[in-house]
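Summary of structural features
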Protein chains: 2
Amino acid sequence: MKQQIPFSKEISLAFENDPPGQWLSVLPKGCIRLSSGYPAPALVPSEEIKSAVVQLLSEEGDLPLQYIGSPRVPKLKEMIKERLAGRDVVVAEDELLVTAGACQGIDLIARVMLDKDAVVAIEAPTYMEALEVFQNYTDHFISVPVDEQGLQTERFAELLSNRKEQGLPLPRILYTIPTSQNPTGTTMSLERRKHLLLLAEEYGFFILEDDAYGELGFAKEPRLLKAMDKQDRVLHIGSFSKVVAPGMRIGWVAGPAELITTLGWFKKDIGHPFTQSTLAAFLEGSDFDKRLVSLSSTYQSKCMAMLSALKDFLPPSVSWYVPEGGYFVWVKVPGANTTDLLPEALNAGVSFVPGKYFFLNQEEGNEYLRLSFSYASKEEIVKGVQLLGEVVALDFRKDT
Amino acid sequence: MKQQIPFSKEISLAFENDPPGQWLSVLPKGCIRLSSGYPAPALVPSEEIKSAVVQLLSEEGDLPLQYIGSPRVPKLKEMIKERLAGRDVVVAEDELLVTAGACQGIDLIARVMLDKDAVVAIEAPTYMEALEVFQNYTDHFISVPVDEQGLQTERFAELLSNRKEQGLPLPRILYTIPTSQNPTGTTMSLERRKHLLLLAEEYGFFILEDDAYGELGFAKEPRLLKAMDKQDRVLHIGSFSKVVAPGMRIGWVAGPAELITTLGWFKKDIGHPFTQSTLAAFLEGSDFDKRLVSLSSTYQSKCMAMLSALKDFLPPSVSWYVPEGGYFVWVKVPGANTTDLLPEALNAGVSFVPGKYFFLNQEEGNEYLRLSFSYASKEEIVKGVQLLGEVVALDFRKDT
């Protein structure tokens, strides 16, 4: 628990030590970005958002620029509620909080539900920003492995049962990205979803369902954990970052009213009326379902290009999960240290994120790397994977 | 310390119990808003911001809508640094954090510097949102009275010295709005500023200088505490809410590099590239110094109208401080309970904020109310004060 040390050197050093975002923002010119978890430039509706702002400010004048007053702020909340209802998650007004991105939602939940003695269960690997958030509050973690069916609930059940037997504290929350997970791209099966909900009930923990990629599936969307939840054990976190624009920073948390009220109490950036009313104006003027279908199809086609290039250009010992949606392909390069591989890849003209950043115990990630098919064009993806293949092949030769 | 109680009923109840914002947002139609701490609609540059967004997105495309990439995000930071330098506060890149409004800055500082045992010194009265932030972290406060010269540093020195003698813990931070304070409108004298800095050194606390109204003074601006600070004891908090638009939610914290790095580590809404680059585009196209001069002069003229109406329409026993800037006039109605007065005022067609919300010990605020001259027009201000005068006179007659 680091937050109680004013001016903590430890925190500053941790920050300076190993900032994955930093070298990603200074990529060599012309480098193909298979590292960025960003939407493709062409898929960010900047023209439509420009029109939305013009319409918004022409119609409402100063209202969206004041603290409160824009009718589109409650309207956005209503739109989120309606979209959730269409996915079998029916929430009341006081069960939904609009946040400045999904990450703020995760942080607020951590802020309210964790203390230095709390145990947090996480997927291994998991979203690195979430891991950073939880590490601000506690040092106690349970890592549960993920495979092509998502979180290994049988393994989790074993871990929980062992802890109970040994009298060790049980987790207060489990953080999961059940659909098109970051970084593995895999989706939790229906059976495991059911099992997980039973475990939550049996062992008394809450499930943070991070659904950032849920609407970007290539096939039929699996049922949301929140939609299957009969015990108010699921806190559902959503975001417009992957389906509209990350720079607007708009997400939400849906959960029990009492928790949502409390999260609001700790949300001290007040509201974000300008961006929220802009997003509402954008959504009014767009067929969002159609947008999602088009995005999913575009990303699927880019994903297929990446998978096909991986088959063509990577040595046969290299393996990966076949994603069912989202932004990422998780690649295993047996025997490699992907952190050492990165400078060579950058030098060759392609970027990726080394696997270690997605694990609490970073060494577990040494053989892995995350490729993103969201940002680069299809042509760049193929070229980038080819370059990566050359770097990996060179590395293999060095070792033998 | 409330944050360690998951699902705390206490927090939810505190929130539901007494939300000043709530009744302000449902004012009776036609009610003159002397409660709102908002800029006047005509002073919010909505047309210019519209043009700025059009220019921004035409020039940069998707960049401001991605997580990172807009060149205007670092440019905004540079502009803030330059403006601060013009006010004798020279900060390096790593000594400045751009935040989602001043309130987020206060919250981040509290998050990093406070724990449940920490003592916080506050002005009495003070900004209610700040009070709420600190109460999320600790129950230990020292209230220091404010008068027409600002924070009473002699009184503060006594309180500190007594605590030291008695072996009581000394404050970790003092929160002050030294210039055009919210709610009193008064400005700390130069002598008291010097005295306060000496006290910070002697007793080892940090000063949070909230400068939300500093650039809206009617006369020459007093020296910033941060500009006089030789010991790195001042954390300077600024905002564009009062001088551009509150709904954009942009502020900053300037302080020692190590603290700023740590604040950034806990700032989990990531950045706000869309609003920050929009603001930068707006500032590029505007003469900001000219804007400040014009704003100050408009607010001064509205303030004079309010003071003159107070003289004309309020009973002679009612008194107030003469503000030197900012948004507010702090009015004392001897013998009144301003919370009880409010429904009558709303009924008559004018709103204000009862004094109790600005005090830790709310009873201290019973005889006070805060009027804002920022939002209403001059004509509304005069009419509103007249209505208030009638309500107060009626209340006086009831009592006798």
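The shown structure was predicted, so the numbers you read here are calculated from the model rather than taken from an experiment.

**Focus on the overall build of chain A**
Counting its regular elements, chain A contains 14 helices and 14 strands. In terms of overall dimensions, chain A is globule-like: its C-alpha atoms have a radius of gyration of 21 Å, near the 21 Å expected for 400 residues. Each of the three principal axes of chain A carries a C-alpha extent, and together these read 65 × 55 × 45 Å. When the 400 residues of chain A are sorted by exposure, 63% land in the buried category. Put simply, 74% of the contacts in chain A that link residues at least 6 apart link residues at least 24 apart. Of the roughly 14800 Å² of accessible surface on chain A, a fraction of 51% belongs to carbon and sulfur atoms. Considering chain A, the positive charge centre built from 40 side chains and the negative charge centre built from 53 side chains are found 2 Å apart.

**Details of the domain arrangement of chain A**
All names here are of chain A. As assigned here, chain A comprises domain 1 (9-38 + 290-399) and domain 2 (47-284). On a C-alpha basis, the centres of domain 1 and domain 2 stand 25 Å from each other. Joining domain 1 to domain 2, the criterion identifies zero salt bridges. Our count for the domain 1 to domain 2 interface comes out at nine residue pairs in polar contact (both at pLDDT 80 or more). Within the residue set of the side of domain 1 that touches domain 2, elements represented by two or more residues are helix H12 (288-313) and strand S11 (328-332).

**Thoughts on the interface of chain A and chain B**
With 73 residues of chain A at the contact, the number on the chain B side is 73 residues. Both sides together, the interface formed by chain A and chain B hides about 6800 Å², and carbon and sulfur atoms give 65% of it. The salt bridge involving Lys268(B) is made with Glu132(A); its shortest N-O contact spans 3.0 Å. The interface formed by chain A and chain B includes 22 residue pairs in polar contact (both at pLDDT 80 or more). Among the elements of the structure, helix H1 (9-17), helix H3 (46-60), helix H5 (102-113), helix H6 (128-135), helix H10 (257-266) and helix H11 (273-284) of chain A are those that each provide at least two residues to the side of chain A that touches chain B. Sorting elements by how many residues they give to the side of chain A that touches chain B places H3(A) first, with seven residues.

**Structural notes on the sheet that holds S11(A)**
Residue and element names in this part refer to chain A. Taken together, four strands build an open sheet; the order of strands is S10-S11-S14-S13 and the sheet is antiparallel. Looking along the sheet, the strands with just one partner apiece sit at the ends: strand S10 (319-320) and strand S13 (353-354). Seen against the sheet, H12 touches S10, S11 and strand S14 (368-372) and runs at an angle of roughly 20° to S11.

**A short note on the pattern of salt bridges**
One pass over the full model with this rule turns up 40 salt bridges over all chains. With its nearest N and O atoms 3.6 Å apart, the salt bridge here joins Asp117(A) to Lys116(A). The partly exposed category is assigned to Lys116(A), whose relative accessible area is 45%. Here Glu93(B) ties to Lys77(B) by a salt bridge, and the two come within 3.3 Å at their closest N and O atoms. Note that Glu93(B) is positioned in the loop between helix H4 (72-85) and strand S2 (96-99) and Lys77(B) in helix H4, a separation of 16 residues in sequence. Exposure remark for Glu93(B): the relative accessible area of 44% places this residue in the partly exposed category. You can call Lys77(B) buried: its relative accessible area is 17%.

**Describing the sheet that holds strand S5 (residues 150-151) of chain A**
Residue and element names in this part refer to chain A. Spatial ordering of the open sheet is given by S2-S9-S8-S7-S6-S3-S4-S5, a layout of eight strands whose pairing is mixed. The sheet terminates laterally at strand S2 (96-99) and S5, the two strands that pair on one side only. Of the strand pairs in this sheet, strand S3 (residues 119-124) and strand S4 (residues 140-147) are connected by six bridges, and their pairing is parallel. Each residue of the ladder has a partner; that of alanine 124, found in S4, is proline 145. Where H5 meets the sheet, its contacts fall on S2, strand S6 (173-176), strand S7 (206-210), strand S8 (234-239) and strand S9 (251-254), and the angle it forms with S8 comes to roughly 150°. H10 contacts S2, S8 and S9 of the sheet and is inclined by roughly 30° relative to S2.

**Notes on the packing of aromatic side chains**
All names here are of chain A. Counted by the stated rule, this structure contains 31 aromatic pairs over all chains. Judged by centre distance (6.0 Å) and plane angle (85°), the ring pair of tyrosine 38 and tyrosine 375 falls under edge-to-face. Linking tyrosine 38 in the loop between strand S1 (32-33) and H3 with tyrosine 375 in the loop between S14 and helix H14 (378-399), this pair joins segments that are 337 residues apart in sequence. Residue tyrosine 38 is classed as buried on the basis of its relative accessible area of 11%. Tyrosine 375 sits in the partly exposed class, given a relative accessible area of 21%. Note on tyrosine 299 and tyrosine 327: the rings are 5.1 Å apart at their centroids and 50° apart in plane angle, and the pair reads as tilted.

**Digging into the UniProt feature "domain: Aminotransferase class I/classII large" (unreviewed entry) in chain A**
If you check UniProt for "domain: Aminotransferase class I/classII large" (unreviewed entry), the listed places come out as residues 31-383 of chain A in our numbering. With 41% helix and 16% strand, the stretch residues 31-383 of chain A has end C-alpha atoms that lie 11 Å from each other.

**A look at the relation of the copies chain A and chain B**
Two copies of one chain are present, and they are related through a rotation about an axis combined with an axial shift. Superposing chain A onto chain B takes a rotation of 180° plus a shift of 0.0 Å along the axis, which leaves an RMSD of 0.0 Å. Taken together, the rotation angle and the small translation identify this as a two-fold axis. An overlap of 100% is found between the interface residues of chain A and their copies at the interface of chain B, pointing to a shared contact surface.

Here is what the cut-offs are and how they apply
Counting restarts for each chain: residues are numbered from 1 in the order of the written sequence. To label them, take the chains in the order written and letter them from A, then take the ligands in the order written and number them from 1. Given that this is a predicted model, residues contribute local features only at a pLDDT of at least 70 and side-chain atom pairs are listed and counted only at 80 or more, while totals for whole chains, interfaces and linings are drawn from all residues. Excluded from the side-chain calculation are hydrogens and water; included are all heavy atoms of the structure. Runs of H or I in DSSP of at least four residues are treated as helices and runs of E of at least two as strands, each being numbered from the N terminus. Each radius of gyration is computed over the set of C-alpha atoms, and the globule rule expresses the reference value as 2.2 Å times the number of residues to the power 0.38. Throughout, exposure labels follow a simple rule: accessible area from a 1.4 Å probe, protein chains only, divided by the maximum for the residue type, with under 20% read as buried, over 50% as exposed, and the rest as partly exposed. The contact definition used throughout considers only heavy atoms, calling two residues in contact when any of these lie within 4.5 Å. Values of accessible area rely on a 1.4 Å probe in the Shrake-Rupley scheme; residue burial ignores everything except the protein chains shown. All tallies of charge rest on Lys and Arg as positive and Asp and Glu as negative; His and the ends of each chain are not included. We put the charge of a Lys on NZ, of an Arg on CZ, of an Asp on CG and of a Glu on CD. Domain borders in the structure are assigned automatically or taken from a domain database. By convention in these notes, a salt bridge is any Lys or Arg side-chain nitrogen within 4 Å of a carboxyl oxygen on Asp or Glu. Pairs of N or O atoms within 3.5 Å make up the polar contacts considered here, provided that, within protein, one atom can donate a hydrogen while the other can accept it, and that residues adjacent in sequence are counted only when both atoms are side-chain atoms. Once two parts are brought into contact, the accessible area they lose, counted with a 1.4 Å probe and summed over both, makes up the buried area. When DSSP locates at least two bridges between a pair of strands, those strands are taken to pair. Geometry is summarised by axes, namely lines fitted to C-alpha atoms with helices restricted to the contacting stretch, and by angles between N-to-C directions that run from 0 to 180 degrees. Under the pairing criterion, centres of Phe, Tyr and Trp rings, with the six-membered ring standing for Trp, must be within 6.5 Å; the plane angle then separates stacked pairs below 30 degrees from edge-to-face pairs above 60, leaving the rest tilted. UniProt positions are given in the numbering used here, feature names are shortened, and annotations may be inferred rather than shown by experiment. When the copies are superposed, the least-squares fit draws on C-alpha atoms of residues that have pLDDT of at least 70 in both.

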